[in-house]
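# Reading the structure
Take a look at the letters that make up each chain.
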Amino acid sequence: SQPHLARRSAERSVTLFGVDLSNQNFGGPDDPNLDLIAPTVASIVAGGFSWLEWKASQGSDFVDPTYAVGCSAARANGLPFIAYHYVDTSDPAAQAQNFLASGARGNAMLDFEQGGGLIDNFWNVVGAFNNAGINIALAYIPQWYWEQIGEPDLSLLPANDIPIISSAYPGGTGCASDIYQQGGGDSGEGWSAYGNVEPVIWQFTDAAAVGPLTADANAFRGSLTGLKQLLGDDPN
């Protein structure tokens, strides 16, 4: 008799692509076109993208008006998803409460760049989010900002299970996979280590064609199961 087949075959490690969106992709914070969100998310799925990052909040007083609709559309389409918070130097505990006010729960990605202060502020925000019951699953800390704040050691991030996302735009427009390959692909500059850590995701463009939009695109080298685990989504 033939042996039983395994329930799940081993997943091949590949390069997967994701999209980063916010109110800025839909007309800005004051009067965003919410009707454009659902068809855009559907086109992201149809275009073969594997996950979505969506801005939920910024600082202690801004909730992204597109977040709730974007989250619902991602879930409706079965698209792995993570909410992110743009860090500033306002009170860390108030920032955590503002993230919760957006409706986001569970896992978060911190966007730590211009206006985010020094690395001590990053850790203060991490602590405040943890105290509020929010797990920091990822941190966008681009190398250019790391250099601006004095090139601090980042090795505490992986030690605390917080992988980082890098940012380097080699140029080009159009299809995300084409831009990625033209920028060096899996050997591109965005995979280089800095601060004693290696990025797990590389944001390689802000000019990818994403349905009716031009948007930020990211690459992840690994399996879909690994990606879901990274985002905090249930991989089963």
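One numbering rule holds for all chains: residues counted from 1, following each sequence as written. Totals for whole chains, interfaces and linings use every residue, but because this is a predicted model, local features are given only for residues with pLDDT of at least 70 and side-chain atom pairs only at 80 or more, for both listing and counting. In computing side-chain values, all of the structure's heavy atoms are included and hydrogens and water are not.

### Some words on the overall build of the chain
Secondary structure is summarised from DSSP: a helix means a run of H or I of at least four residues, a strand means a run of E of at least two, and numbering begins at the N terminus for each. Check the secondary structure of the chain and you find 8 helices and 9 strands. What you see for the chain is a C-alpha radius of gyration of 18 Å, in line with the 18 Å of a compact globule of 236 residues. Expressed as a percentage of contacts within the chain between residues at least 6 apart in sequence, the contacts between residues at least 24 apart total 74%. Looking at the chain as shown, the accessible area adds up to about 10700 Å², and 46% of this sits on carbon and sulfur atoms. For the chain, the distance from the average position of its 8 positive side-chain charges to the average position of its 25 negative side-chain charges is 15 Å. In this description the radius of gyration comes from C-alpha coordinates, and the expected globular size is given by 2.2 Å times residues to the power 0.38. Contact definition: two residues touch when any of their heavy atoms are within 4.5 Å. Surface accessibility follows the Shrake-Rupley procedure with a 1.4 Å probe radius. Residue values consider only the protein chains on display as shielding. The charged-residue count follows a simple rule in which Lys and Arg add positive charge and Asp and Glu add negative charge, with His and chain termini not counted at all. The atom standing in for a charge is NZ when the residue is Lys, CZ when it is Arg, CG when it is Asp and CD when it is Glu.

### A few points about the environment of Ala-137
Mapped onto the secondary structure, Ala-137 falls in strand E6 (residues 135-140). For every residue, the accessible area obtained with a 1.4 Å probe (protein chains only) is divided by the maximum for its type, and the residue is called buried under 20%, exposed over 50%, and partly exposed between those limits. Taking the relative accessible area as the measure of exposure, Ala-137 reaches 6% and is therefore buried. Note: C-alpha distance between Ala-137 and Gly-106 (31 residues apart in sequence) is 9.4 Å. Apart from residues lying up to four places away in sequence, Ala-137 is in contact with Ile-82, Asn-107, Ala-108, Asp-161, Pro-163, Leu-230 and Leu-231.

### Things to note about the packing of helix H1 (residues 37-46) against helix H2 (residues 67-76)
Fitting a line to C-alpha atoms yields each axis, with helices limited to the stretch in contact; the angle taken between N-to-C directions then spans 0 to 180 degrees. Contact geometry of H1 with H2 gives a least axis separation of 9 Å together with a crossing angle of 40°. Between H1 and H2, the crossing angle belongs to the class labelled oblique. Read as a crossing pair, H1 and H2 show a hand that is right-handed. The segment H1 lies against H2, with Ile-37, Ala-38 and Val-41 engaging Val-69, Gly-70, Ala-73 and Ala-74. For classification purposes, angles smaller than 35 degrees are called roughly parallel, those larger than 145 roughly antiparallel, those between 65 and 115 roughly perpendicular, and all remaining angles oblique. Should the near helix be turned anticlockwise from the far one by less than a right angle, the crossing is termed left-handed; should it be turned clockwise, right-handed.

### Considerations on the side chain of Asp-111
Following the sequence through the fold, Asp-111 ends up in strand E5 (residues 107-111). For the buried Asp-111, which has no salt bridge, the nearest side chain bearing the opposite charge is Lys-55, at an N-O separation of 6.5 Å. When residues no more than four places from it in sequence are discounted, the contact partners of Asp-111 are Tyr-84, His-85, Tyr-86, Val-87 and Tyr-140. What counts as a salt bridge is simple: a side-chain nitrogen of Lys or Arg found within 4 Å of a carboxyl oxygen of Asp or Glu.

These values are about where atoms sit, not about what they do.
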